[in-house]
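Structure assessment
Letter by letter, the chains look like this.
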Amino acid sequence: MTDEEQDEQFYRDTESIAFPKLNDHQLSLLEPLAERRVMKRGDVLFKAGQRNLGLAIVLRGEIDAFETRDGTEYNLATARERDFMGDVSMLQGTSILGSSRVTSEEAEILLIPAAELRRALAEIPAVSKTIVDALIMRRRRLRRDREFAGMRILANRDARDGHQLDDFLDKNRIPHRLVEFESEQGQALSERFHLSTPVLHHSSKTSLAARPALAVAN
């Protein structure tokens, strides 16, 4: 079995864990903690980089999660009735990795604030396992996705701090890519973020390696 076939098998096997439907009982337990909202097409629910976000449960309509990569949007998931939109970063208080917006004409959601969500997961076993297992599995699937960029570290090939940051994010299971400044993609990123580097001669190799790494989020 090729790597691609193994990935496809993994995504099939984990689909039901990562994207479960909430049942009537679970909805009845969570609704008192939530704010009910009606949103229109194009309304943004979450933006990549935001912190301490709550959980959004879709009652009707459709919401897409997406990543913006070099100016192009890539769909990560679509939430419909009884689905919930969230990421494991909501449990950790860290930055969310993707954005989400309403793609149907109208959507009705239950939005549970971060503090209420954490309390519910600690005190309501009937919903905690379903939600926690789903959020953890979604992160595992993102980490396995060869196309997902997440956070990108732009660093020179020999930059020690770039590799240290890469190791740190890897140990903390945060999806990311290490991009060498000297590569074609690195040059494109440097132009996009208006970075510049002097023309370096062989004698300046040490200063090149000492240049700090840049962590780029979409």
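All of these numbers come straight from a predicted model, not from anything done at the bench. (Residues numbered from 1 in each chain as written. Predicted model: local features only at pLDDT ≥ 70, side-chain atom pairs only at ≥ 80, totals over all residues. Heavy atoms only, no water.)

Attention now moves to the nonpolar core. Membership of the largest hydrophobic core comes to 34 residues, with the highest contact counts inside it found for Leu30, Phe46, Ile57, Phe84 and Ile131. Only helix H2 (24–30), strand E2 (44–46), strand E3 (55–60), strand E4 (63–69), strand E6 (84–85), strand E8 (106–112), helix H4 (114–123) and helix H5 (125–144) provide two or more residues apiece to this core. If we ignore the near neighbours within four places in the chain, the residues touching isoleucine 57 are Leu22, Leu27, Leu30, Asp83, Phe84, Glu108, Ile109, Leu110 and Ile112. (Core = buried A, V, L, I, M, F, W, Y, C linked by side-chain atoms within 4.5 Å. Buried < 20%, exposed > 50% of the residue type's maximum accessible area, 1.4 Å probe, protein only. Helix = DSSP H or I, 4+ residues; strand = E, 2+ residues; numbered from the N terminus. Contact = heavy atoms within 4.5 Å.)

Taking 1.5 Å per residue, 16 residues should reach 22 Å; helix H1 (residues 3–18) reaches 21 Å between its end C-alpha atoms and fits that length. By the burial criterion, the buried members of H1 are Asp7, Phe10, Thr14 and Ala18. Buried residues along H1 sit in contact with H5. (Expected span 1.5 Å × (residues − 1).)

A cluster of like negative charges, contributed by Asp3, Glu4, Glu5 and Glu8, occupies part of the molecular surface. If you trace the backbone, glutamate 4 turns up in helix H1. (Patch = residues over 30% accessible without salt bridge, like charges linked within 9 Å, V, L, I, M, F, W, Y side chains within 5 Å. Areas by Shrake-Rupley, 256 points an atom, 1.4 Å probe, with all protein chains shown as cover. Salt bridge = Lys/Arg side-chain N within 4 Å of Asp/Glu carboxyl O. Lys, Arg positive; Asp, Glu negative; His and termini not counted. Charge placed at Lys NZ, Arg CZ, Asp CG, Glu CD.)

Before going further, it helps to examine the environment of glutamate 73. For glutamate 73, the position within the fold is in strand E5 (residues 72–79). The class for glutamate 73 is partly exposed, based on a relative accessible area of 43%. The residues touching glutamate 73, leaving out its near neighbours within four places in the chain, are Phe66, Glu67, Thr68 and Arg101. Separated by 2.8 Å, the side chains of glutamate 73 and arginine 101 make a polar contact. (Polar contact = N/O pair within 3.5 Å; in protein donor to acceptor, adjacent residues only side chain to side chain.)

Our next topic: the side chain of arginine 139. As for its position among the elements, arginine 139 is in helix H5. A polar side-chain atom of arginine 139 sits 2.7 Å from a polar atom in the side chain of aspartate 87.

Let us look at the packing of H1 against H5. The geometry of H1 relative to H5 is characterised by a closest axis approach of 9 Å and an angle of 160° between their N-to-C directions. Between H1 and H5, the interaxial angle falls into the category roughly antiparallel. Crossing of H1 against H5: the hand is left-handed. Across the interface between the two elements, Gln6, Asp7, Phe10, Tyr11, Thr14, Glu15, Ile17 and Ala18 from H1 touch Asp133, Ala134, Met137, Arg138, Arg140, Arg141 and Arg144 from H5. Of the residues in the contact of H1 with H5, the class split is 6 nonpolar, 2 polar and 7 charged. (Axes fitted to C-alpha atoms, helices over the stretch in contact; angles between N-to-C directions. Parallel < 35°, antiparallel > 145°, perpendicular 65-115°, else oblique. Left-handed = near helix turned anticlockwise from the far one by under 90°. Nonpolar A, V, L, I, M, F, W, Y, C, P; charged D, E, K, R; others polar.)

The subject of this paragraph is H5. Compared with an ideal rise of 1.5 Å per residue, which puts 20 residues at 28 Å, H5 spans 29 Å between its outermost C-alpha atoms and is within 8% of the ideal. Residues of H5 that are buried include every one of Val127, Ser128, Ile131, Ala134, Leu135, Met137, Arg138, Arg139, Arg141 and Leu142, and no others.

Let us look at the pattern of salt bridges. For the structure on display, the rule yields 16 salt bridges. Across the pair glutamate 106 and lysine 40 runs a salt bridge whose closest N-O atoms are separated by 2.5 Å. Of this pair, glutamate 106 sits in strand E8 while lysine 40 sits in strand E1 (residues 35–40), and the two are 66 residues apart along the sequence. Here glutamate 116 and arginine 119 are joined by a salt bridge, their closest N and O atoms 2.8 Å apart. Placement of the pair is glutamate 116 and arginine 119 together in helix H4, with a separation of 3 residues, close to one helical turn. By relative accessible area, glutamate 116 is classed as partly exposed at 26%. Each of Glu31, Arg36, Lys40, Arg60, Glu106 and Glu108 takes part in one network of salt bridges that share partners.

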